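Observations on the model geometry
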Amino acid sequence: YRYIIFCGEEKRMLYPKPETLKPPRTDVLTITPWLAPIVWNGTYNIDVLNAQFHKRGVRVGLTIFAIKKYTVFVQTFVETAEKFFMVGHKVNYYVFTDRPNDIPNITLAEGRQLVVLIVPSYQRWQEVSMRRMEMIRDFSSQRFINEVDYLVCVDVDMRFSDEVGVEILSDVFGTLHPGFYGAGRQGFTYERRPESQAFIPGDEGDFYYAGGYFGGTIEEVYKLTNFCHNAMMTDRENKLEAVWHDESYLNKYFLYHKPTKILSVEYLWDNGFGVPDILKRRRFVAVPKNHNAIRNK
Ligand code: UDP
Ligand code: MN
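So, about the overall build of the protein. A count of helices and strands for the protein gives six helices and ten strands. In terms of overall dimensions, the protein is globule-like: its C-alpha atoms have a radius of gyration of 20 Å, near the 19 Å expected for 297 residues. Its C-alpha atoms put the protein at 65 × 50 × 45 Å along the principal axes. The burial tally for the protein puts 49% of its 297 residues in the buried class. Taking contacts inside the protein between residues at least 6 apart in sequence as the whole, the part at least 24 apart equals 76%. Within the structure as shown, the protein displays about 15400 Å² of accessible surface, and the carbon and sulfur contribution to it stands at 51%. Of note, the protein has its 37 positive side-chain charges centred 2 Å away from the centre of its 36 negative side-chain charges.

Written as structure tokens, this is what we have:
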């Protein structure tokens, strides 16, 4: 005998048909030359995507680092994520910290949990930022691979202010840096010293990706973070540190391992840049901080 098990009737889903001759956005680039989508408001239907990802029972890990004084950002980060990040899906927050007692207790919705991971801190803020690559790599192979399907790796000095859902998920994704989305190659602050592992020549480069927002499947995030950490260590042996630390190595990785999806600046904004016309939603924005008061403390 063969048994066919029907897990509930497929629901009829009604939505406007895509219009081949009426692209939803003509003011921004919505696909790369290697055919990766660039995610902007209006380019996707979240109901269609949610149905696909619910069927797979997708589990998402959201990693943040709260080392030393940056623990002050955790409360707002998690509270706003509860409102806007992957609502209705399974989410694990992974909070890397050296100060577990400073991590607040926050009530989470069903299907969501917060895991505190105790890690060492480093003296220089640049090193704290860079070492994220090593720690995400190590926890990916030891823990995340058993617990979640995708990782989303972001800065903690941020708040969610609009929806961020499964439209961001893909094998490996990066995010346009809000300071450089309109810039030419010469304007990108890539590492320009040929001796560095992060070096990008002046006539190469697609986008300037932000260090504070990347992700993908655990396997792809492992490859990305492993590359970046190893490149940093090689540079260190040669007494070099790339100009924008982990961000420079990330940009080098994405030059030769193209992301399969790119998040627009809606997903990483800083209100210091105002609100340009192309920006229909501000989903995740920087929380202003006093650099001197909070760094190296
Ligand atoms: N970070 C931290 N403690 C520090 C410095 C940095 O936890 O003392 C982490 C934190 O997650 C932060 C990230 O490293 O969001 C990147 O640093 P920062 O946000 O200061 O860089 P910026 O966004 O200002 O370039
Ligand atoms: Mn930041």
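On we go.
Here the focus is the side chain of E167. Within the element layout of this structure, E167 appears in the loop between β6 (158-160) and β7 (172-175). Setting aside its immediate chain neighbours within four residues, E167 contacts V39, Y44, I46, L49, K261, Y267 and R283.

Let us look at the side chain of R132. With respect to the element layout, R132 can be found in helix α3 (residues 125-147). Contacts of R132, omitting those with residues within four sequence positions, involve F65, V154, D155, G211 and D246.

Distances from the manganese ion (ligand 2) to its protein donors, D155 (OD), D157 (OD) and D157 (OD), fall within 2.1 to 2.4 Å. The class of D155 is partly exposed, set by a relative accessible area of 23%. What makes D157 buried here is its relative accessible area of 7%.

A separate point is the site of ligand 1. Surrounding ligand 1, one finds 13 residues, the nearest of these being F65, I67, Y70, D157 and K289. Between I67 and ligand 1, the recorded distance is 2.8 Å, taken from a backbone N or O atom to an oxygen atom. D157 is positioned with one of its side-chain polar atoms (N or O) 2.9 Å from an oxygen atom of ligand 1. When isolated, ligand 1 has an accessible area of 510 Å², and the protein chains bury 85% of it. In a pocket analysis with a 2 Å cut-off to the grid points, ligand 1 is assigned to the largest pocket. Within the residue set of the shell around ligand 1, elements represented by two or more residues are β2 (59-66) and α3. Per-element accounting of the shell around ligand 1 gives the leading share, three residues, to α3. Residue composition of the shell around ligand 1, by class: six nonpolar, two polar and five charged.

Time to look at empty space enclosed by the protein. Scanning the model with the defined rule gives one cavity of 30 Å³ or more in all. Quantified by volume, the largest cavity comes out at close to 60 Å³. Lining the largest cavity are T63, F65, R132, M133, I136, C153, V154, G211, F214 and D246. No other element matches the three residues that α3 contributes to the lining of the largest cavity. The class makeup of the residues in the lining of the largest cavity is six nonpolar, two polar and two charged.

Looking now at the packing of helix α4 (residues 218-237) against helix α5 (residues 246-256). Between two packed helices, the angle of one axis relative to the other and the distance separating the axes together describe the packing. Where α4 meets α5, the closest approach of the two axes is 9 Å, and the angle between their N-to-C directions is 120°. One finds that α4 runs oblique with respect to α5. Judged by the sense of rotation from one axis to the other, the crossing of α4 with α5 is right-handed. Of α5, the residues touching α4 (which contributes E220, K223, L224, F227, C228, A231, M232 and D235) are D246, Y249, L250, K252, Y253 and F254. Of the residues contributing to the contact of α4 with α5, the split by class is nine nonpolar, no polar and five charged.

To continue, consider unusual backbone geometry. At M86, a residue that is not glycine, the phi angle is positive and equals roughly 50°. Along the chain, M86 turns up in the loop between α2 (74-84) and β3 (90-97). With a relative accessible area of 1%, M86 lands in the buried category. In this structure, K239 is a non-glycine residue whose phi angle is positive, near 60°.

What follows is about the nonpolar core. Ranked by size, the top nonpolar core spans 43 residues in total, and within it F96, F144, L151, F214 and L224 carry the most contacts. Of all the secondary-structure elements, those providing two or more residues to this core are β3, β4 (112-118), α3, β5 (150-154), α4 and α5. Sort the elements by how many residues they give to this core and α3 lands first, with seven residues. Excluding residues that lie within four positions of it along the chain, F214 makes contacts with M133, I136, L151, V152, C153, F173, V221, L224, T225 and L250. The next biggest cluster of nonpolar side chains, apart from the first, holds 39 residues, and it includes F77, F173, A210 and I294.

About the criteria used
- Counting from 1, residues in each chain are numbered in the order their sequence is written.
- The naming scheme follows written order: chains are lettered A onward, ligands numbered 1 onward.
- Totals for whole chains, interfaces and linings use all residues, but because this is a predicted model, local features are given only for residues with pLDDT of at least 70 and pairs of side-chain atoms are given and counted only at 80 or more.
- Note that the side-chain values use all heavy atoms of the structure and ignore hydrogens as well as water.
- For the purposes of this entry, the term helix denotes a DSSP run of H or I that reaches at least four residues, the term strand denotes a run of E that reaches at least two, and both are numbered from the N terminus.
- In this setup the radius of gyration rests on C-alpha atoms only. A globule is expected at 2.2 Å times the number of residues raised to 0.38.
- Remark: exposure states derive from per-residue accessible area (1.4 Å probe, protein chains only) relative to the maximum for the residue type, with buried under 20%, exposed over 50%, and partly exposed in between.
- Residue contacts are counted whenever heavy atoms from the two residues lie within 4.5 Å of one another.
- Calculation of accessible area relied on Shrake-Rupley with a 1.4 Å probe; when residues are assessed, cover is drawn exclusively from the protein chains displayed.
- When charges are tallied, Lys and Arg are placed among the positive residues and Asp and Glu among the negative ones, while His and the ends of the chain are skipped.
- Charge positions are represented by NZ for Lys, CZ for Arg, CG for Asp and CD for Glu.
- Water is not part of the atom set, so a site may look incomplete; the donors themselves are N, O and S atoms within 2.8 Å of the metal, or 3.2 Å for Na, K and Ca.
- In this text, near means that some heavy atom of the residue lies within 4 Å of the molecule or strand in question.
- Distance and chemistry together define a polar contact, namely a pair of N or O atoms within 3.5 Å, with one atom able to donate a hydrogen and the other to accept it when in protein, and with adjacent residues in sequence counting only for side-chain atoms on both sides.
- Grid spacing is 1 Å over the protein atoms alone, the probe is 1.4 Å, and a cavity is where that probe fits but cannot get out, while a pocket is an open set with protein on both sides within 12 Å along at least five of seven lines and lining residues have an atom within 4 Å of a point.
- In this description, a molecule resides in a pocket or cavity if more than half of its atoms sit within 2 Å of the grid points defining it.
- Residue polarity follows a fixed list, in which Ala, Val, Leu, Ile, Met, Phe, Trp, Tyr, Cys and Pro are nonpolar, Asp, Glu, Lys and Arg are charged, and the others, Gly among them, are polar.
- Grid points are joined across faces, edges and corners, and a volume is the space filled by probe spheres set on the points.
- Axes, fitted as lines to C-alpha atoms, cover a helix only where it is in contact. Angles between the N-to-C directions of the axes lie from 0 to 180 degrees.
- Here the word oblique covers every angle except those under 35 degrees (roughly parallel), over 145 (roughly antiparallel) and from 65 to 115 (roughly perpendicular).
- For a crossing to be left-handed, the near helix must be turned anticlockwise from the far one by less than a right angle; the clockwise case is right-handed.
- Joining through side-chain atoms within 4.5 Å is the link that ties buried Ala, Val, Leu, Ile, Met, Phe, Trp, Tyr and Cys residues into a set, and such a set is a nonpolar core.

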